[in-house]
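Reading the structure
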Amino acid sequence: MDALQAFERVKQLTPDKKFAYVEEAVFVGAWQGKSYREMAGELGYEEGYLKDTGARLWRLLSECLGQDVTKKRLRFIFAANPSPTAIAPSSGRPNLSLPDVLKQPKFTGSPLPFGSPLYVARLPVETLCLANLHQPGSLTRLKAPWRMGKTSLINQVMGTAQQAGVQAVFVDIRQADPEALADLDRFLRWFCCAIGQQLGLPCDFETYWFASAGSKLSCTALIQSWLTHAVNTPVVLAIDTVHHLMDYPHIASHFFAMLRSWYEKARVRTEWQNLRLLMAHTNELDLPLQLHQSPFNVGLRLELLPFTHAQVIDLANREALPELRLQALGQLEPLFALLGGQPY
């Protein structure tokens, strides 16, 4: 039995459950013996999000099969019982029919694209971010815990900037393959390729990349050539999940020092003023950087806070959930006591 055949058995065991793509991907990855970190690199999701998804999936299978299902025991359980059957639901667990399941509300669990009707504006952070991106050579730092809506906000401000004639480039550090994270030179080449692909510009490594000059100087020279000769409008470069580089300190310290040097160049060089940096991360990044080398003590620092009561009501209305009857602020207290304004 392979992973897909096993997952078909899971769907037969839970006919009332509609599995999301990420749930199937976690099941298949676990069946293949992959770690959550490996899955995160392949799927483009946060490792923590995949762990949470897996935990819910194993809990569902445990309740369905009447035995403890874990990531490590998954294949053993199906090998010992190739045709498992579900136990009858307990009296405390509602036995929903498929129509009932389809009627239940479905909530967004991934970043929202620009213009999504489900997006709740995050003011004043969104306004301040947009204003700073219009400043020549600006640097904006967006900090918030995991799954607080950082990427959704980035999508909104990038879309708004594009409508104003600004080019926008989005680079997610999680998309770098393990090979690209092997050393600084490979990572910076990947970084240039990720930018050049979105700008429609070739990466002329033969002309601008010299071993004797070093990777940081070579990368800077290539970016400067684009800003000087190929880009006639401001460019917002959004770098998401930069905290992922904390697992690669040999890359992080040099990469962040290079970004700081770009910010400083914009103070005196006209061509660099067209570059507007936007970095998003989940926590404080503790790196052995000199103050003059760190990009985390310059520019505009913004922190994304949990939803307010009014934003929760706005979200419920956008999700078309009148049955929640969140019309009075006092009715939200039990929900806030449980979730604390966490958007997801």
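The preceding data block contains the structure.
These notes cover the structure that comes with them. (Residues numbered from 1 in each chain as written. Predicted model: local features only at pLDDT ≥ 70, side-chain atom pairs only at ≥ 80, totals over all residues. Heavy atoms only, no water.)

**Comments concerning the sheet that holds strand E5 (residues 300–303)**
If you trace the 5 strands from one edge of the open sheet to the other, you get E2-E3-E4-E1-E5, paired in parallel fashion. Each edge of the sheet is formed by a strand with only one pairing partner; in this case those strands are strand E2 (167–172) and E5. Sheet twist, expressed as the mean angle between neighbouring strand axes with direction ignored, is 15°. Where strand E1 (residues 139–143) lies against E5, 4 bridges are found, and the strand directions are parallel. Its bridge partner being in E5, Leu142 is matched across the sheet by Leu302. Here helix H7 (residues 125–133) sits on the sheet in contact with E1, strand E3 (235–240), strand E4 (275–281) and E5, set at roughly 160° to E5. (Pairing = 2+ DSSP bridges. Helix = DSSP H or I, 4+ residues; strand = E, 2+ residues; numbered from the N terminus. Axes fitted to C-alpha atoms, helices over the stretch in contact; angles between N-to-C directions. Contact = heavy atoms within 4.5 Å.)

**Focus on the nonpolar core**
In globular proteins that are soluble, nonpolar side chains generally tend to be buried together. The biggest cluster of nonpolar side chains holds 47 residues, and the ones touching the most others in it are Leu237, Phe255 and Trp262. Residue assignment for this core shows that the elements contributing at least two residues are E2, helix H9 (184–199), helix H11 (215–230), E3, helix H12 (249–265) and E4. In terms of residue count, H9 provides more of this core than any other element does, 9 residues in total. Beyond its immediate stretch of four places on either side in the chain, Leu237 contacts Val169, Val171, Phe191, Ile195, Trp262, Leu275, Arg276, Leu277 and Leu278. Formed by 27 residues, the second largest nonpolar core is a distinct cluster that contains Phe27, Ala40, Val69 and Phe78. (Core = buried A, V, L, I, M, F, W, Y, C linked by side-chain atoms within 4.5 Å. Buried < 20%, exposed > 50% of the residue type's maximum accessible area, 1.4 Å probe, protein only.)

**Brief notes about the pattern of salt bridges**
For the structure shown, the criterion picks out 9 salt bridges. Between Lys143 and Glu303 there is a salt bridge whose closest N-O contact spans 3.8 Å. With Lys143 in strand E1 and Glu303 in strand E5, the pair connects residues that are 160 residues apart, well separated along the chain. For Glu303, a relative accessible area of 35% translates into the label partly exposed. Across the pair Arg301 and Glu303 runs a salt bridge whose closest N-O atoms are separated by 3.6 Å. Relative accessible area serves as the criterion here: at 39%, Arg301 is assigned to the partly exposed category. (Salt bridge = Lys/Arg side-chain N within 4 Å of Asp/Glu carboxyl O.)

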